[in-house]
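If you want the building blocks of each chain, they are given just below.
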Amino acid sequence: MRFYKKRFKIFAFSFVLTIIIVAIKYILHENGLELLQQSSLHSAVVTGTFFVIGFLLSATISDYKESERIPAEFSSVIENIYEDAESTHALYPKFDLEKIRSQLLEIAKSFANDVRRKKHSAHIAVHELSSSFIDMENAGVPANFIVKLKQQQAQLTRVIFRVDYIQKIQFIPSATILVRSIVPFSILLLIFTEIEPFYGGLAITALISFIFIYISRLIQVISTPFQSEGKTQDDVSLFLVEETIAHLQKKQIKKPKK
């Protein structure tokens, strides 16, 4: 039941509002309050509204598709850092491999929590990897090995910054304001326009209103790709990050008992 509620959340929201719009138009028709006559300008307004919301949707989807790639990129970098550190530890066992594993695990957990709640603990955790790199230098690890790990650390930082930007910044705010303005105006125009035959016009009004409301709501949802867990069906999944967490937990190094 919860799955279907989440899956059809936008549909249900749009459908309910459409029913209300249809009911209002029917009442206005019965009371002779449809004050406008249909003209070619109505088609121009509806077409223009479709163009604007289509433009904003296509622009928002590009950020959304980028967000879908981020968990895979982030998880692969985390695992690559550990695998490189593990290989290096076989040759230079003096540095603490468990410390790096624990820190990477903390980064992965913080990232999964931060993107849902808009926090910044993962950024701090990534910078704390630097202490492990200093330990490597003291253990005699060649500089080129450490440079590679630092480049991967910088890559993690870039991913975190990009997620933070996508989550907080609204794409072309002026275009978003325009959509939120013209969609209600276009629907009101349809409601107060006398369309003959009436029931055919009522069906067209319902269909156009449903599309406008649905797309507007969809844009609002996908403009924040990383929603609170389970909030919508359209939020970007973090299952790859969770798998990386499980992988690092299995790699825990048990310290010998004294």
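Here's what I pulled together on the structure shown here. (Residues numbered from 1 in each chain as written. Predicted model: local features only at pLDDT ≥ 70, side-chain atom pairs only at ≥ 80, totals over all residues. Heavy atoms only, no water.)

## Section: the packing of helix α3 (residues 40-91) against helix α8 (residues 173-191)
To be explicit about the condition: Fitting a line to C-alpha atoms yields each axis, with helices limited to the stretch in contact; the angle taken between N-to-C directions then spans 0 to 180 degrees. Here a strand is any run of E in DSSP of at least two residues, a helix any run of H or I of at least four, and the numbering for each starts at the N terminus. Should an angle fall under 35 degrees it is called roughly parallel, over 145 degrees roughly antiparallel, and 65 to 115 degrees roughly perpendicular, with every other angle called oblique. The sense of a crossing depends on the near helix, which, turned anticlockwise from the far helix by less than a right angle, makes the crossing left-handed and, turned clockwise, makes it right-handed. Two residues qualify as a contact provided that any one of their heavy atoms is within 4.5 Å of a heavy atom in the partner residue. Only Asp, Glu, Lys and Arg are considered charged, only Ala, Val, Leu, Ile, Met, Phe, Trp, Tyr, Cys and Pro nonpolar, and every remaining residue, Gly among them, polar.
Between α3 and α8, the shortest axis-to-axis distance is 10 Å and the interhelical angle comes to 150 degrees. The orientation of α3 with respect to α8, classified from their angle, is roughly antiparallel. With respect to the hand of their crossing, α3 and α8 are arranged in left-handed fashion. Only A175, T176, L178, V179, I182, V183, S186, L189 and L190 of α8 make contact with α3, whose side of the interface consists of H42, V45, V46, T49, V52, I53 and L56. Looking at the contact of α3 with α8, its residues break down into 12 nonpolar, 4 polar and no charged.

## Observations regarding the packing of α3 against helix α4 (residues 97-117)
Relative to each other, α3 and α4 sit at 175 degrees, their axes nearing to 10 Å. The angle between α3 and α4 places the two elements in the roughly antiparallel class. For the pair formed by α3 and α4, the contact residues are I70, F74, I78, I81, Y82, A85, E86 and H89 on the first element and L97, I100, R101, L104, I107, A108 and F111 on the second. Classifying every residue of the contact of α3 with α4 gives 12 nonpolar, 1 polar and 2 charged.

## Comments concerning the pattern of salt bridges
Which entries qualify depends on this criterion: Salt bridges are counted wherever a side-chain nitrogen of Lys or Arg sits within 4 Å of a carboxyl oxygen of Asp or Glu. The rule is simple: take the accessible area with a 1.4 Å probe, protein chains only, and divide by the maximum for that residue type; under 20% is buried, over 50% is exposed, in between is partly exposed.
Applying the stated rule across the entire model yields 9 salt bridges. The shortest N-O distance in the salt bridge between E66 and R162 comes to 2.8 Å. One end of the pair, E66, is in helix α3; the other, R162, is in helix α7 (residues 143-168), with 96 residues separating them in the sequence. Given a relative accessible area of 22%, E66 falls into the partly exposed group. The class of R162 is partly exposed, set by a relative accessible area of 26%. Here the residues in one salt-bridge network are D63, E66 and R162, joined through shared partners.

## A few points about the side chain of D114
Selection criterion: Here a polar contact is recorded for every N or O atom pair within 3.5 Å, except that within protein the pair must consist of a potential hydrogen donor and a potential acceptor, and residues adjacent in sequence are included only if both atoms are side-chain atoms.
Counting through the fold element by element, D114 comes out in helix α4. Polar side-chain contacts of D114 include one of 2.6 Å to the backbone nitrogen of A122.

## Notes on the environment of Q220
Structurally, Q220 is set in helix α9 (residues 198-222). Taking C-alpha positions, Q220 is 9.2 Å from T60, a pair spaced 160 residues apart along the chain.

## Overview of α8
Each α-helix winds once per 3.6 residues, and so residues spaced three or four apart point in a common direction. Short version of the rule: By this rule the span expected of a helix is its residue count minus one, scaled by 1.5 Å.
Between its first and last C-alpha atoms α8 spans 28 Å; for 19 residues at 1.5 Å apiece the expected length is 27 Å, and the two agree. Of all the residues in α8, the buried ones are A175, T176, V179, I182, V183, S186, I187, L189, L190 and I191. Buried-residue contacts for α8 involve α2 (9-30), β1 (36-37), α3, β2 (193-194) and α9.

## Points about α7
For α7, with 26 residues, the first-to-last C-alpha span of 37 Å sits near the 38 Å given by 1.5 Å per residue. Along α7, the positions that sit buried rather than exposed are I146, L149, Q152, Q153, L156, T157, V159, I160, V163, I166 and Q167. Tucked into the core, α7 has its buried residues touching α3, α4, α5 (121-127) and α6 (130-138).

## Some thoughts on the packing of aromatic side chains
Stated precisely, the cut-off is as follows: Aromatic pairing here means that ring centres of Phe, Tyr or Trp (its six-membered ring) are within 6.5 Å. Orientation follows from the plane angle: under 30 degrees is stacked, over 60 is edge-to-face, and everything else is tilted.
Considering all chains together, one arrives at 8 aromatic pairs under this definition. Pairing F74 with F111 gives two aromatic rings, centres 3.9 Å apart and planes at 15 degrees, and the pair type is stacked. On the criterion of sequence distance, the pair formed by F74 in helix α3 and F111 in helix α4 is long-range, its members being 37 residues apart. F111 matches F74 in its accessibility class, with the two residues each being buried. Look at F198 and Y199: their rings are 5.1 Å apart centre to centre, the planes differ by 70 degrees, and that puts the pair in the edge-to-face class.

This is a description of form; function is not addressed.
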